[in-house]
Each structure stands twice: as structure tokens, then as C-alpha cells.
Amino acid sequence: MSFEERILMELKAEITARAERRRRTGRRLFTGAAVAGLAAAAAIAVPLLTGSERSAYAVTKNGDGTINVKLNEFRDADQLEQDLKRMGVTADITYLKPGKTCRGGRGEIVGGGSPEEWKGSASEKAVRLLPRGGMDIDPRYVGDGQTLVMAFTENADQTSEKPRVLWQFAGYVVNGQVKPCVVADDPTWNDVDGPGRPPAGG
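Everything in this summary refers to the structure shown in the same document. (Residues numbered from 1 in each chain as written. Predicted model: local features only at pLDDT ≥ 70, side-chain atom pairs only at ≥ 80, totals over all residues. Heavy atoms only, no water.)

### Focus: the overall build of the protein
Stage number 1. Along the protein, the regular secondary structure elements total four helices and twelve strands.
Stage number 2. Out of the 202 residues belonging to the protein, those deemed buried represent 46%.
Stage number 3. Across the protein, contacts joining residues at least 24 apart in sequence account for 62% of those joining residues at least 6 apart.
Stage number 4. Total accessible area on the protein is roughly 10,400 Å²; 49% of this is exposed by carbon and sulfur atoms. (Helix = DSSP H or I, 4+ residues; strand = E, 2+ residues; numbered from the N terminus. Buried < 20%, exposed > 50% of the residue type's maximum accessible area, 1.4 Å probe, protein only. Contact = heavy atoms within 4.5 Å. Areas by Shrake-Rupley, 256 points an atom, 1.4 Å probe, with all protein chains shown as cover.)

Rendered as C-alpha cells:
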């Protein structure tokens, strides 16, 4: 098992545990499973609003220079890339179906050599996922000739009436040109708990 697969499995187990704790409290929240890193390096639960606004997303500039992005629907990735470009960040955004991932080898990942190199790297610091929804992107960590790569994987059942919506996020900074996403099956995907539920421990 590769380093990326092992970390991803550990994080999915943590996501499952957190989701179960939230379910027991009876709180009705839209939740997301966020996975960032080489294939994964951090995980938190964040809300994803679906169908609550007309636009697919909202982008605003924070007072500290970071860029706040709130996703409402998984569409209009090209337009979001253009909006971020106008705000100083070159981004490559992909929305994926359940059980799919972008094949590796898309470019030279900043901090992608080992867990030690990842910690404190631009890839780790470029995106901060927010507990109340959305994310803050810090342009300081995406330099000239670099691209912020972000991939979002949908829940197994986005049409469900259930209040929980699971999604996964992978984000990192790439030096130089980014190769297109080649969609492949995600070997760590295991949605045995049914639609709208986190994968069972990866």
C-alpha cells in the first residue's frame, strides 16, 4: 500500500467517526469530508450547501487578503477558475463523480515528497477549509508559475432528501504546468454504508 493510500484510509476512518458523533447529537447539518494532501493530509467536516442559492458559488475578498469561496453546487468550474485568476490565484478545479479520482502525476507537488516536507509547505497552507462552510485561499502561497489544484468528489447521492452531504476535497500547489485530470476509479472509495453516508473507514 502506498503512502498516499495509507494516509487516505486513516483520514476516511476519522471522517467516519466524526460524522457518527454528529449524527448522535441529532444536529441536522450538511457535512463534507475534506481530504487534502499528497492524496490526503488533513481532514475536517465542513458544510456544503446545495440548491440554497442560484449561483454555483460565491467568491469574496477577506480583509486579510485571503479569498473566501463558498460552493453551492458542483458546476461552473471554469468560471470559478477565471474569477480566482482575476483575484491573483491560478487554479485548476475539477468536480468528480462518486468513486472517482484524478490519476496521479499531474505535476510537481510543492511539499509532495514526504509527510515531513508537506508539513508547513505552500500546499498545506494555500487552502484553509472552514467549519461553517467554504474555504479561504491564501494567494501568498501560490506563486508565479504555480497552480492551486483542487478536486472535489461528490456524494454518492446528491439528489437524496437526506440532510447529510458527503464530499471529499484534495488540494495542493503544483510547480509549472499542470496536466489535465485523467479520471480513474478511486481504490479507496468504499461507500458500503449507502448514499449520503461517509465511506466505512476507507
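### Observations concerning the nonpolar core
Stage number 1. In this structure, Leu84, Ile93, Val127, Ile137, Leu148, Met150 and Phe152 are the most contacted members of the largest nonpolar core, which totals 27 residues.
Stage number 2. Elements with a minimum of two residues in this core: strand 4 (67-71), helix 2 (77-86), strand 5 (91-96), strand 8 (127-129), strand 9 (135-137), strand 10 (146-153) and strand 11 (168-175).
Stage number 3. For Phe152, the residues in contact, after removing those within four places along its chain, are Leu71, Phe74, Ile93, Thr94, Tyr95, Leu96, Met135, Trp167, Gln168 and Phe169.
Stage number 4. Counting residues in hydrophobic clusters, the runner-up holds five residues, among them Trp118, Tyr172, Val174 and Val178. (Core = buried A, V, L, I, M, F, W, Y, C linked by side-chain atoms within 4.5 Å.)

### Details of the state of the cysteines
Stage number 1. Scanning all chains against the criterion turns up one disulfide.
Stage number 2. Shown here is the disulfide that connects Cys102 with Cys181, its sulfur atoms set 2.0 Å apart. Between Cys102 and Cys181, the disulfide has an S-S torsion of -100° and is therefore left-handed. Placement of the pair is Cys102 in strand 6 (residues 100-102) and Cys181 in the loop between strand 11 and strand 12 (183-185), with a sequence separation of 79 residues.
Stage number 3. Taking the relative accessible area as the measure of exposure, Cys181 reaches 22% and is therefore partly exposed. (Disulfide = S-S within 2.5 Å.)

### Overview of the sheet that holds strand 9
Hydrogen bonds along the backbone pair up the strands of a sheet, which may run parallel or antiparallel.
Stage number 1. Spatial ordering of the open sheet is given by 3-4-9-8, a layout of four strands whose pairing is antiparallel. Unpaired on one side and paired on the other, strand 3 (57-61) and strand 8 mark the two borders of the sheet. Going from strand to strand, the sheet's axes swing by 20° on average, the running direction of each strand aside.
Stage number 2. Two strands pair when backbone bridges link them, and strand 8 and strand 9 are joined in this way by three bridges, in the antiparallel orientation. Bridged to Arg128 within strand 9 is Asp136.
Stage number 3. Across the face of the sheet, helix 2 comes into contact with strand 3, strand 4 and strand 9 while running at roughly 5° to strand 3. (Pairing = 2+ DSSP bridges. Axes fitted to C-alpha atoms, helices over the stretch in contact; angles between N-to-C directions.)

### Comments concerning the packing of aromatic side chains
Stage number 1. Counted under the stated rule, the structure contains four aromatic pairs.
Stage number 2. Relative to Tyr95, the ring of Phe74 has its centre 5.3 Å away and its plane inclined at 55°; by these criteria the two rings are tilted. Of the two residues, Phe74 is situated in the loop between strand 4 and helix 2 and Tyr95 in strand 5; the sequence distance between them amounts to 21 residues. The exposure classification of Phe74 matches that of Tyr95, with both residues buried.
Stage number 3. Arranged with centres 5.0 Å apart and planes meeting at 50°, the rings of Phe152 and Phe169 form a pair that is tilted. (Phe/Tyr/Trp six-rings, centres within 6.5 Å; stacked < 30°, edge-to-face > 60°.)

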